[in-house]
Amino acid sequence: MKKQSRLVTLFVLALLALVLSISAAFASAAPQPVNFGQDANKMQWYLVNYGKNDDGHFACTRKYYTNPEEKKKTIDLIVEKFAIDQETASGLYFTEYGYVYSADGKDFAVTYVNHYDMVGNVIKSTEYDAAGREFIKMSKEMIPFKAHPYAIGKLPAKKAASRKK
């Protein structure tokens with residue numbers, strides 16, 4: 001009886017180890033958000049997804065409205081351009097942008113722009129199909145330029161931690 005009990009215990013432990021290793025592999029496969037810091041308008045940017053799909057290499061970034069003046073401009077634009085009521089638009093918390101890159105990696109096109117409130121509800125969503133996309137030449141100051149190395153799988157080297165003496 002003790003031998004069977006030990007075998008069952010070993011089997012359960014082995015199964016648990018297998019489940020944990022598989023879940024860790026799936027967790028590490030998902031891209032981790034990357035903080036790109038603030039842009040020239042003092043808006044906070046994060047890279048939230050990237051890789052390759054049917055359209056080619058892609059990246060998704062989020063802009064958080066940390067500058068009240070820029071937030072107001074965007075709210076006013078949403079109200080005016082898309083006829084969203086002021087109360088709904090005023091809930092704006094972040095905007096998510098989807099990008100796709102040209103094969104040579106020099107240009108990008110926006111695939112979607114989604115505006116969200118604080119709890120993740122969509123305020124306004126705009127998608128651009130392949131025919132409606134306009135490719136733009138990238139420059140080093142652009143967020144799509146910063147996201148491109150991640151999209152093509154060439155992650156920037158991690159900065160070494162500074163040593164304290």
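Quick notes on the rules
Residues numbered from 1 in each chain as written. Predicted model: local features only at pLDDT ≥ 70, side-chain atom pairs only at ≥ 80, totals over all residues. Heavy atoms only, no water. Helix = DSSP H or I, 4+ residues; strand = E, 2+ residues; numbered from the N terminus. Buried < 20%, exposed > 50% of the residue type's maximum accessible area, 1.4 Å probe, protein only. Areas by Shrake-Rupley, 256 points an atom, 1.4 Å probe, with all protein chains shown as cover. Pairing = 2+ DSSP bridges. Core = buried A, V, L, I, M, F, W, Y, C linked by side-chain atoms within 4.5 Å. Contact = heavy atoms within 4.5 Å. Phe/Tyr/Trp six-rings, centres within 6.5 Å; stacked < 30°, edge-to-face > 60°.

**Remarks on the overall build of the protein**
- Within the protein one finds 4 helices and 7 strands.
- When its helices and strands are written in sequence order, the protein yields α-β-β-β-α-α-β-β-β-β-α.
- Residue burial in the protein is summarised as follows: out of 165 residues, 33% are buried.
- Carbon and sulfur atoms provide 58% of the accessible area of the protein, an area that totals close to 11700 Å².

**Some details on the pairing of strand β5 (residues 107-117)**
- Most of β5 sits inside the fold, with 10 of its 11 residues counted as buried.
- Relative to β5, strand β4 (residues 92-101) runs antiparallel, the two being bridged by 9 bridges. Considered in β5, the bridge of Y101 is made with F108.
- Between the end of β4 and the start of β5, which pair antiparallel, lie 5 residues, with G105 showing a positive phi angle near 75°.
- In terms of strand pairing, β5 meets strand β7 (residues 136-137) through 2 bridges, oriented antiparallel.

**What about the pairing of strand β2 (residues 44-53)?**
- Two strands pair when backbone bridges link them, and strand β1 (residues 34-38) and β2 are joined in this way by 4 bridges, in the antiparallel orientation. When the bridges of β2 are listed, N35 appears paired with Y46.
- Note: β2 against strand β3 (residues 56-64), 9 bridges, orientation antiparallel. Within β3, the position partnered with Q44 by the bridge is Y64.

**Points about the nonpolar core**
- In terms of nonpolar packing, the biggest core is built from 24 residues, with F36, W45, L47, A59, Y99 and Y101 touching the most fellow members.
- Every element with two or more residues in this core is listed here: β1, β2, α2 (68-82), β4, β5 and α4 (143-151).
- Those residues in contact with L47 that sit more than four places away from it in its chain are Q32, P33, V34, F36, A59, C60, T61, A147 and Y150.

**Some thoughts on the environment of V48**
- By the element assignment, V48 lies in strand β2.
- The spatial distance from the C-alpha of V48 to the C-alpha of Y97 is 9.9 Å, given a sequence separation of 49 residues.
- For V48, the residues in contact, after removing those within four places along its chain, are P31, C60, T61, R62 and E96.

**Things to note about the packing of aromatic side chains**
- According to the stated counting rule, one finds 10 aromatic pairs in the structure shown.
- An aromatic cluster of three or more residues is present, and its members are Y46, Y64, Y93, F94 and Y116.

Bear in mind that shape data such as this cannot, by itself, settle questions of function.
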